[in-house]
Amino acid sequence: MTHPGATLSDKHRVVIIGSGFGGLNAAQKLKRADVDIKLIAKTTHHLFQPLLYQVATGIISEGEIAPPTRVILRNQKNCQVLLGEVTDIDLTNRTIDSLLLGHSYRTPYDTLIVAAGVGQSYFGNDHFAEWAPGMKTIDDALELRGRILGAFEQAERSSDPERRAKLLTFVVVGAGPTGVEMAGQIAELADYTLRGAFRHIDSTKARVILLDAAPAVLPPMGEKLGLKAAARLEKLGVEIQLGAMVTDVDRNGITVKRNDGSTERIECATKVWSAGVAASRLGKILADQSGAEIDRAGRIRVMPDLTIPGHPNVFAVGDMALMDGVPGQAQGAIQGARYAARLIKAELAGADPTAREPFHYFDKGSMATVSRFSAVAKVGPVEFGGFIAWLAWLFLHLIYLVGFRARLATTLSWIGTFVGSKRGQLTITEQQAYARTRIEQLEEIVAEVEGEDDEATETVRADDSATVAS
Ligand SMILES: Cc1cc2nc3c(=O)[nH]c(=O)nc-3n(C[C@H](O)[C@H](O)[C@H](O)COP(=O)(O)OP(=O)(O)OC[C@H]3O[C@@H](n4cnc5c(N)ncnc54)[C@H](O)[C@@H]3O)c2cc1C
């Protein structure tokens, strides 16, 4: 039987958008399929997001968690990796448009797998981003590292006690797994790694505040584990403020509104935002053309076979897809991508596309680290915390890192940090710390120049990049 969307071209053309957990796993699962794959992503790397906070706090390097996608897939001859930001999807003509440095490309597909993930949401207050970077990309992590360590440097040079206090106050917004991990690691950085490294300030006196509008820490992990994580953080000196909604963020601090209606200003130089997610806008592009529902975070509701309504050849997987019971976690993306790839292979081999088994998510549990030697984990009905959970966390994250070299380098970095309190990645540059602001200014200048220059208008060109060898 012909696979839905098949054309007369030699090989079935599969286009995958995204090189995260979903995109990469879809491509790898199609390794032995007789298809032409084009994997298009806006970064050159596959990012292992769960360890981003360790890059931000100087434990590991960005290379360990972000290997180049084309190198990972170099031996997979049916797959071509293309750099570009997908700007449009045309479900009727079965093409996608992408942009690379001002050049637009159009790529046709027979089957499309969209795994474009989510970004940070500021709940309609996008101007917060300038002073409270999120934790979604390598740029975010390096920028945060620059800001955190830069704040200690400035405090060392400051003779004004108020300014020093502001520089040594670190606020993490959002008490989910990322917020908990960041708060714990900033506290340990100040308490152990930087202890004694300054002459004018005492890094151990740094104030780390973790705040959330919700009434609990780690709400998805349940009350018992949330309380355990909170107790451990408090032991590290982290101040936890719950029922505190951020109403404003600026260069010098944040304003929060408490449950009792009062407002408070917290003076702080470094803010980290880990409070909400917004799905890739490709979800809305797909929804507008297919009539699919999207939720408040912009995730697109998918059919039981992870496709979008009326388009059995278009799969949406991972964080940007909405299906009850499937969490926005790595396993949701990995299992969804593998399921889509299995269907494609089976139907190319003759399986009936109208008789697909629905996707079933297998819950392998979830975990979060709090500090060194301490994590919390939930596997089915079993909840546990402490050292055993931490060891399990270390082991699992090592397994899922891509590449032997990355695993080895990470293991050595962890030994240095967790056994010896040393961190090997404390390098910062001024450009990293303030790049976001400068890039935004540059983009405004470029937009003005392009507006004046008619010739800068690019026409969409056919994606004529060589067909991949079989
Ligand atoms: C800080 C942090 C910690 C986390 N910790 C854990 C954890 O401990 N355990 C866990 O299970 N999960 C964790 N997660 C969640 C997990 O990382 C995600 O669920 C997973 O990455 C989702 O995979 P995905 O493929 O859907 O999206 P992503 O991995 O986000 O990949 C999206 C891809 O799409 C690309 N892309 C986006 N838009 C476009 C576009 N327009 N054009 C081209 N390419 C595009 C991106 O460049 C990227 O390659 C964490 C996430 C974060 C941010």
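Residues numbered from 1 in each chain as written. Predicted model: local features only at pLDDT ≥ 70, side-chain atom pairs only at ≥ 80, totals over all residues. Heavy atoms only, no water.

**Some words on the overall build of the protein**
Where we set the bar: Helix and strand assignments come from DSSP, with helices taken as H or I runs of at least 4 residues and strands as E runs of at least 2, each series counted from the N terminus. The globule rule used for comparison is 2.2 Å times the number of residues to the exponent 0.38, while the radius of gyration itself is calculated over C-alpha atoms. Between buried and exposed lies partly exposed: a residue is buried under 20% and exposed over 50% of the maximum accessible area for its type, with that area taken using a 1.4 Å probe on protein chains only. Here, two residues are considered to be in contact whenever any of their heavy atoms come within 4.5 Å of each other. Here the open area of atoms and residues is found with the Shrake-Rupley method and a 1.4 Å probe, where only the protein chains shown may cover a residue. His residues and chain termini do not enter the charge count, which takes Lys and Arg as positive and Asp and Glu as negative. Charge coordinates come from a single atom per side chain, which is NZ of Lys, CZ of Arg, CG of Asp or CD of Glu.
Across its full length, the protein carries 13 helices and 24 strands. By the compact-globule yardstick of 23 Å for 470 residues, the protein fits well, its C-alpha radius of gyration being 23 Å. Expressed as a percentage of the 470 residues in the protein, the buried residues total 51%. Here the contacts in the protein between residues at least 6 apart in sequence split such that 66% fall between residues at least 24 apart. Carbon and sulfur atoms make up 53% of the accessible area of the protein, which amounts to about 22,200 Å² in all. Across the protein, the 51 positively charged side chains and the 56 negatively charged ones have centroids separated by 9 Å.

**So, the sheet that holds strand β3 (residues 79–83)**
Applied cut-off: Should DSSP find at least two bridges between two strands, the strands are regarded as paired. Whenever a helix is involved, its axis is fitted only over the stretch in contact; in every case the axis is a line through C-alpha atoms, and angles between N-to-C directions fall within 0 to 180 degrees.
Sheet architecture is open: six strands sit in the order β3-β2-β1-β7-β19-β18, paired in mixed fashion. Where the open sheet ends on each side, the last strands, each with one partner, are β3 and β18 (307–308). Inspection of the sheet shows strand β1 (residues 12–17) paired to strand β2 (residues 35–41) by six bridges, in the parallel sense. For valine 14, the partnering residue across the bridge sits in β2 and is isoleucine 37. Those strands touched by helix α9 (residues 282–290) are β1, β7 (111–114), β18 and β19 (311–316), and its axis lies near 160 degrees from that of β19.

**Side note on the site of the ligand**
Rule in force here: Residues are counted as near a molecule or strand when any one of their heavy atoms sits within 4 Å of it. We define a polar contact as two N or O atoms separated by no more than 3.5 Å, with the added condition that, inside protein, one atom must be a possible hydrogen donor and the other a possible acceptor, whereas residues neighbouring each other in sequence contribute only through side-chain atom pairs. Polar here means any residue outside two lists: the nonpolar Ala, Val, Leu, Ile, Met, Phe, Trp, Tyr, Cys and Pro, and the charged Asp, Glu, Lys and Arg; Gly therefore counts as polar. Domains are outlined according to an automatic or database domain assignment.
Around the ligand there are 28 residues in total, and Ser19, Gly22, Gln49, Val86 and Asp319 lie nearest to it. Between an oxygen atom of the ligand and a side-chain N or O atom of glutamine 49, the distance comes to 2.9 Å. Every element with two or more residues in the shell around the ligand is listed here: α1 (21–29), β4 (85–90) and α10 (330–348). Here the residues of the shell around the ligand are counted per class, giving 11 nonpolar, 13 polar and four charged. Taken domain by domain, the makeup of the shell around the ligand includes at least three residues from each of domain 1 (2–42 + 84–120 + 278–355) and domain 2 (126–275).

**Concerning α1**
Burial runs high along α1: seven of the nine residues are buried. Here α1 has its buried residues at Phe21, Gly22, Gly23, Leu24, Asn25, Ala26 and Ala27. In this fold, the buried residues of α1 make contact with β1, β2, α4 (69–72), β3, β7 and α10.

**What about the packing of α1 against α10?**
Our working rule: For classification purposes, an angle smaller than 35 degrees is called roughly parallel, one larger than 145 roughly antiparallel, one from 65 to 115 roughly perpendicular, and anything else oblique. Left-handed describes a crossing whose near helix is turned anticlockwise from the far helix through less than a right angle; right-handed describes the clockwise counterpart.
Direction vectors running N to C along α1 and α10 enclose 30 degrees, while the axes themselves pass 8 Å from each other. When the axis of α1 is compared with that of α10, the two are roughly parallel. Relative to α10, the crossing made by α1 is right-handed. Of α10, the residues touching α1 (which contributes Phe21, Gly22, Asn25, Ala26 and Lys29) are Ala330, Ala333, Ile334, Ala337, Arg338, Ala341, Arg342 and Lys345. A per-class count over the contact of α1 with α10 returns seven nonpolar, two polar and four charged.

**Overview of the pattern of salt bridges**
As a reminder of what qualifies: Any Lys or Arg side-chain nitrogen found within 4 Å of a carboxyl oxygen on Asp or Glu counts as a salt bridge.
Applying the stated criterion across every chain yields a total of 15 salt bridges. When the shortest N-O distance is used, the salt bridge between arginine 147 and glutamate 143 registers 2.9 Å. Highlighted residues: arginine 147 and glutamate 143, both in helix α5 (residues 138–157), separated by four residues, approximately one helical turn. Assessed through its relative accessible area of 8%, arginine 147 is described here as buried. Each of Asp250, Arg265 and Glu267 takes part in salt bridges that share partners, so that together they form one network.

**Remarks on helix α12 (residues 404–419)**
Stated formally: For a helix, the expected span equals 1.5 Å multiplied by the residue count minus one. The arc under discussion is defined with respect to the helix axis, by the directions toward the C-beta atoms.
In this model α12 runs 22 Å from its N-terminal to its C-terminal C-alpha over 16 residues, within 8% of the 22 Å that 1.5 Å per residue would give. What α12 keeps buried is the set Ala406, Thr410, Ser413, Trp414, Thr417 and Phe418. In a view along the axis of α12, the buried residues occupy a sector of 110 degrees, so they form one face of it. Facing away from the buried surface of α12 by more than 90 degrees, the exposed residues are Phe404, Arg405, Leu412 and Val419.

**Description of a nonpolar patch on the surface**
Basically, it comes down to this: Each patch is built from salt-bridge-free residues with over 30% relative accessible area, joining like charges within 9 Å and nonpolar side chains (Val, Leu, Ile, Met, Phe, Trp, Tyr) within 5 Å.
There is a patch of nonpolar side chains on the surface, built from Phe404, Leu408, Leu412, Ile415 and Val419 and spanning about 560 Å² of accessible area. Tracing the sequence through the fold places leucine 408 in helix α12.

**Quick notes on the pairing of strand β15 (residues 270–273)**
Side chains Thr270 and Val272 of β15 all project onto a buried face; the interleaved residues Lys271 and Trp273 project onto the opposite face, where all are buried too. Relative to β15, strand β9 (residues 169–173) is paired through four bridges, and the arrangement is parallel. Along β15, the bridge assignment pairs valine 171 with lysine 271.

**Examining the sheet that holds strand β13 (residues 253–258)**
Strand order in the open sheet formed by three strands is β12-β13-β14, with antiparallel pairing between adjacent strands. Every other strand in the sheet has two partners, leaving β12 (244–250) and β14 (263–267) as the edge strands with one partner each. Strand-to-strand twist in this sheet, taken as the mean axis angle between neighbours without regard to direction, amounts to 25 degrees. Bridge count between β13 and β14: five bridges; the pairing is antiparallel. Each bridged residue has a counterpart across the sheet, and for glycine 253 the counterpart in β14 is glutamate 267.

**Let's talk about the packing of α5 against helix α7 (residues 177–193)**
Close contact between α5 and α7 brings their axes to 12 Å; oriented N to C, the two are set at 35 degrees. Both α5 and α7 take part in a crossing whose hand is right-handed. For the pair α5 and α7, the contacting residues are Ile148, Leu149 and Phe152 in the first and Met182, Ile186, Leu189 and Ala190 in the second. Tallied by class, residues from the contact of α5 with α7 come to seven nonpolar, no polar and no charged.

**Concerning the nonpolar core**
Side chains of nonpolar character tend, in soluble globular proteins, to be buried together. Worth spelling out the cut-off: We call a set of buried residues a nonpolar core when its members are Ala, Val, Leu, Ile, Met, Phe, Trp, Tyr or Cys and they connect through side-chain atoms within 4.5 Å of each other.
Grouped together as the largest cluster of nonpolar side chains are 67 residues, with contacts concentrated most on Leu51, Ile65, Phe152, Met182, Val238 and Trp414. Among the elements that line this core, the one with the most residues is α5, at nine residues. Among the domains, domain 1 (2–42 + 84–120 + 278–355) and domain 2 (126–275) are the pair contributing at least three residues each to this core. Setting aside its immediate chain neighbours within four residues, isoleucine 65 contacts His46, Leu47, Phe48, Leu51, Leu52, Val55, Ile60, Ile138 and Leu401. Counting residues in hydrophobic clusters, the runner-up holds 53 residues, among them Val35, Ala316, Ala321 and Met323.

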